[in-house]
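Below, each chain spelled out in residue letters.
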Amino acid sequence: TQAPVNVTVTGAAGQIGYALLFRIASGQLLGQNTPVKLRLLEIPQAVKAAEGTALELEDGAFPLLAGVDIFDDAKQAFEGVNVALLVGARPRTKGMERGDLLEANGGIFKPQGEAINAGAADDVKVLVVGNPANTNALIAQSHAPDVPAERFTAMTRLDHNRALAQLAKKLGVTVSDIKKMTIWGNHSATQYPDIFHAEAAGRNAAEAVNDQQWIENEFIPRVAKRGAEIIEARGASSAASAANAAIDHIYDWVNGTPEGDWVSMGVPSDGSYGVPEGLISSFPVTCKDGKYEIVQGLEIDEFSRGRIDASVRELSEERDAVKQLGLV
Ligand code: NAX
């Protein structure tokens, strides 16, 4: 077997952290031949809870778990990191304006970007889960000038998976019958889940659905607002499904996507599909040999164009706002 891979998880004592760490330890993040060393980052008040989780990780007797270290200092937590999962963030609380939210998160993601720049391994891959995920990723990336920008990604895989499940249900097929789903734009209510390029059991998915009303008024809002639906039902935000999506995102990035399919990732735009360069926006991507590529050449009709532009506009506004705050 190979040397252990260093995986840093921030917000390790939170609810996504609790669902995520055991799956990483069991080998589901990187595969069954790759031992992992966990480096947990928490704020000082939550270190004790993280230590409790570390005791439980020990009790899992995971053959692939080569060690667990806990930090309340970002510089130490990201030392030698190969895979960084940035889950901890400042949630929006009552009465908080968007500017306050972005500023509070800047206070987290700026120092974390600097710490990644200072200490990460050459092959570091970063996934930002903590919201607002795309813009938090942009903040971290802009403070890590020595790390290739494309290593900073934001999670839209939960939206992608939600879209797969809703479409499969509608068509009475299994999720594995669906290929080439795409989430475009921001991980927010403006995101655009696009089934016009998707395939369901070998047919074009939009043609198989044949119901524009359902696409516009049920499917898209259901996927975009699924987070709120979960909170309403569970009394808490999505946790295990978010952890599952983070596992999928990194697993596919490292191990590759299957031939004839793609996944959705928030990645720095190279200008593809008219998305301004540098914005961290969700695209269809294929992965191979530890690298991803934005799928090129998809035809975007007027309906899709409007939806993509609206979500990208929101990302531009978020970038302008953090620019004004001096965070990027
Ligand atoms: P929790 O509040 O349960 O946990 C967050 C943890 O982060 C806490 O333990 C807190 O102490 C820690 N933390 C705060 N600041 C930190 C810092 N500077 N360094 C290290 N740790 C820090 O939230 P949870 O439900 O786990 O959600 C975490 C984040 O994921 C939230 O921002 C949430 O909005 C976001 N989500 C993103 C999703 C996505 O699809 N991109 C979906 C699920 C989720 O809503």
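Above this text you will find the structure in question.
A few points on the structure. Computed from a predicted structure; not experimentally measured. (Residues numbered from 1 in each chain as written. Predicted model: local features only at pLDDT ≥ 70, side-chain atom pairs only at ≥ 80, totals over all residues. Heavy atoms only, no water.)

### Some thoughts on the packing of helix 1 (residues 15-25) against helix 10 (residues 240-255)
Helix-helix packing: each pair is described by the crossing angle between the helix axes and the interaxial distance. Put simply, helix 1 and helix 10 touch, their axes get as near as 8 Å, and they point 40° apart. One finds that helix 1 runs oblique with respect to helix 10. Regarding helix 1 and helix 10, the two cross each other, and that crossing is right-handed. Where helix 1 approaches helix 10, its residues Ile16, Ala19, Leu20, Arg23 and Ile24 are matched on the opposing element by Ala240, Ala242, Ala243, Asn244, Ala246 and Ile247. Counted by class, the contact of helix 1 with helix 10 contains 9 nonpolar, 1 polar and 1 charged residues. (Axes fitted to C-alpha atoms, helices over the stretch in contact; angles between N-to-C directions. Helix = DSSP H or I, 4+ residues; strand = E, 2+ residues; numbered from the N terminus. Parallel < 35°, antiparallel > 145°, perpendicular 65-115°, else oblique. Left-handed = near helix turned anticlockwise from the far one by under 90°. Contact = heavy atoms within 4.5 Å. Nonpolar A, V, L, I, M, F, W, Y, C, P; charged D, E, K, R; others polar.)

### Things to note about the site of the ligand
Close to the ligand lie 23 residues, the nearest being Gln15, Ile16, Glu42, Val129 and Asn131. Measuring from an oxygen atom of the ligand, one finds a backbone N or O atom of Ile16 at 2.9 Å. A distance of 3.5 Å is found between a nitrogen atom of the ligand and a side-chain nitrogen or oxygen belonging to Gln112. A total of 880 Å² of accessible area belongs to the ligand in isolation, and the protein chains cover 80% of it. Of all the secondary-structure elements, those providing two or more residues to the shell around the ligand are helix 1 and helix 4 (98-119). Residues belonging to the shell around the ligand are distributed by class as follows: 12 nonpolar, 10 polar and 1 charged. (Near = heavy atom within 4 Å. Polar contact = N/O pair within 3.5 Å; in protein donor to acceptor, adjacent residues only side chain to side chain. Areas by Shrake-Rupley, 256 points an atom, 1.4 Å probe, with all protein chains shown as cover.)

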